[in-house]
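# Breakdown of the fold
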Amino acid sequence: MLAAGAHISKEKDLNAHIEAFVAQIKRRQIQGSYNVALATSQLLLRVLSAARWTHIDQLVTQIKVLGKRLQSAQPRELACGNIIRRVLALIREESEDTNDSESGDGAINSPLITSMFSLLSTNDEYGPNPHSQSLYDGTGRSIKKDLKPYIIEGIQELIDELRSIDESIASMGVEMIHENETILTPTPNSRTVLKFLLRTAQKRKFTVLVVEVFPNDVEKTHEFALKLAEAGIETTVITDAMVYSIMGRVGKVILGTHAVLANGGLLASAGAAMICQCANVHRTPVVVCTGLYKLSPMYPFDIESLIEVGDTGKVLEFEDGSLVDKVNVVNPLYDYVPPESVDLCITNMGGYSPNFMYRLVIDHYRQEDTTL
Amino acid sequence: MTLSETTPLKLPPDSVASNGFDIVATYRRFLREDPDMTMPVAAIESLVVLLSQTEPTTASELMDILAKAVAELKKGVKNSISLSAGCDMFQRFVLRNIQEYGDWEACRRHLVKNGGLFLDRAKASRYRIAELGLPFIQDDDTILIHSHSRAVTELLLLAARHHIRFRVFVTESRPTAEGLSSAKTLRDNGIPVRVIVDGAVGWAIQKVDKVFVGAEGVAESGGIINRVGTYQIAVLAKDSNKPLYVVAESHKFVRLFPLSPFDLPNESPAANTFTTEQEDDEIQSSPLLDFTSDNLITALITDIGVLTSSGVSEELIKMWYD
């Protein structure tokens, strides 16, 4: 009786926690893909510690339902869905591993080699598998008991990965930036890019041009430039309008991004697409620094629905009342950068061409989880 | 999806010849009797029928029989690119099973027993493609399709069933005029269609939001071999910055690396000669296929996922070199 009561209060506790998280992302109290990813994985850790299930499908459904709820709370914060899909893939993988080792014939049970062959192969190729039935009855209990610590361990690894992402990306800086090179960065709000530049500055001497990105990131630009200058990097802040004229002198454009889509396209802060186009015209390489948690299995089916529109007051202040009445003011926060504009994506797994991103998607997510 | 119950293949009645087995005739009959069957699958099914009628005594005899039949089939059918994808995959599958498990007799039994299953799966894969491709179609889209492709049609019909409202430009696609049959199918299912002649694609392209084409074969580079006219549509789409999606089953991936349409096997040679004489049946000898290179293709929608063109070579390498 007492134990049951404790369980109920625990569940209530968890529900309140989820509720609070949903409210926080709705109100943008948790913002930025890194913070959202971290918070989501920590929430999932709690959910899984409290979760009870008799069959793995139940757990998957539970997580999917939760995922749907979180995603609809803030559909443009793709990192949240990405983490949930990563965890789902983890759960499926762990359960399949257990099944294989329990039944002892994983080699034959697993579909033969490649997906192209899936037209011809069947799982019961050489007689029915005597063990396949046992997974769902007696042994089900023992699988469940085994699985939980593994999944929790997996999520903890994911959190560790998130925390060390900037480090592993920054360590590639020395290969990317040459001595005396001029770098242009249009995303001063990116922690990853900041660390990347600061770390590389320890070994290389280079110039950074920071684009102001009016109106959303002006203050951040100044902070960003200050940090670089303090680290001894020669830093110049330029206005957005100057980008094209100065591009001829730039060696590389390095940008951070909000999300990477499955086709290698980016959702980066507004203005990035234009700057990438300028870079393309001058044949200046465009390098993107991104953690894998930003990689979404989505395709840009409908670009407009992915782009968030922000505070118009930043473009036209309310004091300009006479103008406000007469013009439409829009302030999109993101830009869609097509994959053709990007030359290289540096992730914590290494550097990849944007048209390889679909492969990373297949490696890290399960196709059945693409729609939560 | 578990399709554990076995579905033996229904044999076309007179393919069971007493002495010689005519693989080309069997192949043709399969295609004729089931308009939904693709060429690679028909080739696979013909090979299954062959296996069911032969009693090889060794593994190498089995492979030899298959190799001969494949050669005969490729020689006997004029347009053999697509079917060679099926043949290659089939041979490779048998070979790998023999190498992996050593039990070639069991492999033969498995293939013969499940002949009908492959066909069902191939059809199911077309439905799976449609499901994967569904989000690519949105309300108020104007779509351009070329010629007749079962995979594309399936996708558009699924979208219509999901109450997505879109319009379709269909090219007539000379000289086969297969576009007309696409147009009819779509109109029968309530999709508004406008048929245009192939030459009008450039006129229409500005109004088009996206282009969908099928493929007869998908080459290793990720480029496609398809009904003639696809290349020029792809060039126009690229020029006006419209996405071009290829909708094709993964069993159409073929180990070819053409650089131009002239690298394709047995394409009508007459089209490449010039004459001062007036010819009556000139149009008939015009080429039926062309090659669209991978840089013109936005993405391939296949049953193994939405791939960029580099994904094709990866799948092929996995199959042949792993």
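As the structure is a computational prediction, the values presented were derived from the model and not from experiment.

### Details of the sheet that holds strand β10 (residues 305-307) of chain B
Residues and elements named next belong to chain B.
- Reading across the sheet, the 7 strands line up as β3-β2-β1-β4-β7-β9-β10 and stay open at both edges, with mixed pairing between neighbours. Both outer strands of the open sheet, β3 (193-196) and β10, are each paired with one neighbouring strand and no more. Taking the axes of each pair of neighbouring strands and ignoring which way they run, one obtains an average angle of 25° across the sheet.
- With 3 bridges connecting them, strand β9 (residues 299-302) and β10 associate as antiparallel partners. Looking across to β10, one finds that Leu300 is bridged to Leu307.

### Brief notes about the confidence of the model for chain A
- Across chain A, pLDDT averages 84, with 87% of residues at or above 70.
- Confidence drops under pLDDT 50 across residues 124-144 of chain A; counting only partners more than four residues distant or on other chains, this segment forms 24 contacts.

### So, helix α2 (residues 39-53) of chain B
- Helix length check: α2 of chain B, at 15 residues, gives a terminal C-alpha distance of 21 Å against a target of 21 Å (1.5 Å per residue), a fit within 8%.
- The buried count for α2 of chain B comes to 13 of 15 residues, which makes it a mostly enclosed element.

### Examining the domain arrangement of chain A
Residue and element names in this part refer to chain A.
- Taken domain by domain, chain A comprises domain 1 (2-112 + 135-164) and domain 2 (171-369).
- For domain 1 versus domain 2, the distance between C-alpha centres works out to 31 Å.
- Contact residues are listed per partner, giving 15 residues for domain 1 and 15 residues for domain 2.
- Elements with a contribution of two residues or more to the side of domain 1 that touches domain 2: α2 (33-50) and α4 (78-103).
- No other element matches α4, which puts 10 residues into the side of domain 1 that touches domain 2.

### Some points on the pairing of strand β2 (residues 166-171) of chain B
Residue and element names in this part refer to chain B.
- Relative to β2, strand β1 (residues 141-145) runs parallel, the two being bridged by 5 bridges. Across the sheet, residue Thr142 finds its bridge partner in β2, namely Arg167.
- For the segment spanning β1, helix α7 (residues 150-161) and β2, crossover handedness is right-handed.
- As defined by bridge partners, β2 adjoins β3 across 4 bridges and the pair is classed as parallel.

Conventions we followed
Residues numbered from 1 in each chain as written. Chains lettered and ligands numbered in written order. Predicted model: local features only at pLDDT ≥ 70, side-chain atom pairs only at ≥ 80, totals over all residues. Pairing = 2+ DSSP bridges. Helix = DSSP H or I, 4+ residues; strand = E, 2+ residues; numbered from the N terminus. Axes fitted to C-alpha atoms, helices over the stretch in contact; angles between N-to-C directions. pLDDT = per-residue confidence, 0-100. Contact = placed C-beta atoms within 7 Å. Expected span 1.5 Å × (residues − 1). Buried ≥ 20, exposed ≤ 12 C-beta atoms within 10 Å, placed from the backbone. Domains from an automatic or database assignment. Right-handed = clockwise from strand over helix to strand, strands pointing away.

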